[in-house]
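For reference, the chains in residue letters:
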Amino acid sequence: MSIAKVAKKAGVSQATVSYVINGKPGVSDQTVKRVNQAIKELGYVPRASRSRDVTARAVSRNIAVVFPEDAMSHSPLNTRLFEALHRQLEFRSARMLPVRLPAGAMIHDVMDGRTLNSLDGMILLYCHSVAAIAEPLPFPVVTVLGHSDPLDPLKCDQVEPDNARIGAMAVRYLAGRGHQQVAAIKPSTRVHPAMDIRCGSFLAGAESLGVEAAVYHIPIELYLSGHPEGLTGDHPLAIWIQEWQQRQTPPTGIFVPSDSHLAIVFNAMVRAGIEPGRDVDFIGCNNEPVLLQSLSPTPATIDINPDQIARAAFHMLLQRIGESGHAPGSYATVCVEPLLLERQG
């Protein structure tokens, strides 16, 4: 049996079959499923010498996916990422062990030694999960959206969106729509590496384009999306909107690096009598249709590409599982290219 026969049956190229066999990113989930089905029907068994990833897949059967207990309620994006990871594991016949991590708990608090010893690898969602590793684990670990601080990098492999690219895309989009004064709203006054990078690259991009820009650090609580009455006149966002209205030349292009927070800013400005699409343009990030579709006109957003993030995370984990030895302190970061989804009209 040859790889050519598998490619013919699946209706793809031999290179695509090779990518699927080796767990490499860049192949759609539908194609992966079709190739795996052809392999199964033909009884094709790849030679172990073709790639260490083949060996990795043979032993990578139990993968824990750890996420903060409240993650799914915070943002639709979290559910999309979790589902994308589940699809990747399912397509490659790996068993996923979902682990909810209560606030303040450590990995060893929710998983006993027997469970840990049964695992071949672990994927951690978000920095809260990363902080929960109190001692070394006996298998490779990859973080997704770990939001590593450059001054205090995570001690594990990472997969995250290209945050610098996101900020640059946002300001180019706004400048392309004719806005000469733009602003980014960071919805927190605390250090948040991902948002800090997005806002920093937004400023740098504006400077290169000759556009006037500023970043405003405004704490915006997510509960406000369901309780707009909580946005009282002394709230920092309400004060910023009042100041916006009083300016002779306010920023007319606004980037909020999270759609969950963008929806709050958008609705607050509408309640203040500001008309999006006429008075101001918005662009967000994370592509959360459930939130954006309720806004009119629907703002532009930047999709962080959860499916590609999941593929890259699983591929990296397979590589680590297949390695006979991994030098301590030698960790990699994969940045996934985001996708711009423009507003129509």
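Residues numbered from 1 in each chain as written. Predicted model: local features only at pLDDT ≥ 70, side-chain atom pairs only at ≥ 80, totals over all residues. Heavy atoms only, no water.

### What about the side chain of His261?
Structurally, His261 is set in helix α13 (residues 259–271). Beyond its immediate chain neighbours, meaning those up to four positions away, His261 contacts Pro187, Met195, Ile220, Leu222 and Val256. (Helix = DSSP H or I, 4+ residues; strand = E, 2+ residues; numbered from the N terminus. Contact = heavy atoms within 4.5 Å.)

### Observations regarding the pairing of strand β1 (residues 62–68)
Taking burial as the measure, the 7 residues of β1 include 6 buried ones, the bulk of the element. Direction of pairing for β1 relative to strand β2 (residues 95–101): parallel, over a ladder of 7 bridges. Residue pairing for β2: Val66 is matched across the bridge by Val99. Sheet topology places β1 next to strand β3 (residues 121–125); 4 bridges connect them, and they run parallel. The partner of Ala64 across the bridge, within β3, is Met122. (Buried < 20%, exposed > 50% of the residue type's maximum accessible area, 1.4 Å probe, protein only. Pairing = 2+ DSSP bridges.)

### A few points about the environment of Val6
Note that Val6 resides in helix α1 (residues 3–10). We classify Val6 as buried; its relative accessible area is 0%. As a C-alpha pair, Val6 and Val35 span 29 residues in sequence and 7.2 Å in three-dimensional space.

### Focus: the sheet that holds strand β8 (residues 253–255)
A sheet is described by the order of its strands in space; here 4 strands give the open sequence β7-β6-β8-β9, paired in parallel fashion. In this open sheet, the two edge strands, each paired with only one partner strand, are β7 (212–217) and β9 (281–283). Looking at each pair of strands side by side, their axes are set apart by 20° on average, direction ignored. Relative to β8, strand β6 (residues 181–186) runs parallel, the two being bridged by 3 bridges. Note that in β8 the partner of Ala184 across the bridge is Phe255. Along the sheet, helix α10 (residues 163–176) contacts β6, β8 and β9; its crossing angle with β8, the most-contacted strand, is approximately 165°. (Axes fitted to C-alpha atoms, helices over the stretch in contact; angles between N-to-C directions.)

### Considerations on α1
Taken together, the buried positions of α1 are Ile3, Val6, Ala7 and Ala10. Projected down its long axis, α1 carries its buried residues within an arc of 100°, all on one side. Exposed and facing more than 90 degrees away from the buried side of α1 are Lys5 and Lys8. Structurally, α1 contributes buried residues whose contacts are with α2 (14–21) and α3 (29–42). Directly beyond the C-terminal end of α1, a positive phi value near 70° is found at Gly11. (Arc of directions from axis to C-beta.)

### Side note on the packing of aromatic side chains
One pass over the full model with this rule turns up 4 aromatic pairs. With 5.1 Å between their ring centres and 70° between their planes, Phe67 and Phe82 make a pair best called edge-to-face. In this pair, Phe67 sits in strand β1 while Phe82 sits in helix α6 (residues 76–91), placing the two residues 15 residues apart along the sequence. Side by side, Phe67 and Phe82 carry an identical accessibility label, which is buried. Here Tyr216 and Trp240 contribute two aromatic rings whose centre-to-centre distance is 5.5 Å and whose plane-to-plane angle is 65°, an arrangement assigned as edge-to-face. On the criterion of sequence distance, the pair formed by Tyr216 in strand β7 and Trp240 in helix α12 (residues 236–246) is long-range, its members being 24 residues apart. Trp240 sits in the buried class, given a relative accessible area of 3%. (Phe/Tyr/Trp six-rings, centres within 6.5 Å; stacked < 30°, edge-to-face > 60°.)

### Considering the pattern of salt bridges
Enumeration according to the criterion identifies 8 salt bridges in this entry. In this structure, Arg87 and Asp307 form a salt bridge, with 2.5 Å as the shortest nitrogen-oxygen distance. Remark: Asp307 occurs in helix α15 (residues 306–322) and Arg87 occurs in helix α6; sequence separation between them is 220 residues. The class of Arg87 is partly exposed, set by a relative accessible area of 28%. Under the relative-accessibility criterion, Asp307 is labelled partly exposed at 29%. Between Glu275 and Arg278 there is a salt bridge, and its shortest N-O distance comes to 3.1 Å. On the basis of relative accessibility, which here comes to 38%, the residue Glu275 falls in the partly exposed class. Overall, the relative accessible area of 56% leaves Arg278 in the exposed class. (Salt bridge = Lys/Arg side-chain N within 4 Å of Asp/Glu carboxyl O.)

### Quick word on the pairing of strand β4 (residues 141–144)
Here β4 shows no split at all, with Val141 and Thr143 on one side and Val142 and Val144 on the other all buried. As defined by bridge partners, β3 adjoins β4 across 4 bridges and the pair is classed as parallel. Looking at the pairing, Met122 lines up with Val141 of β4.

Geometric descriptors of this kind do not, in isolation, establish any biological role.
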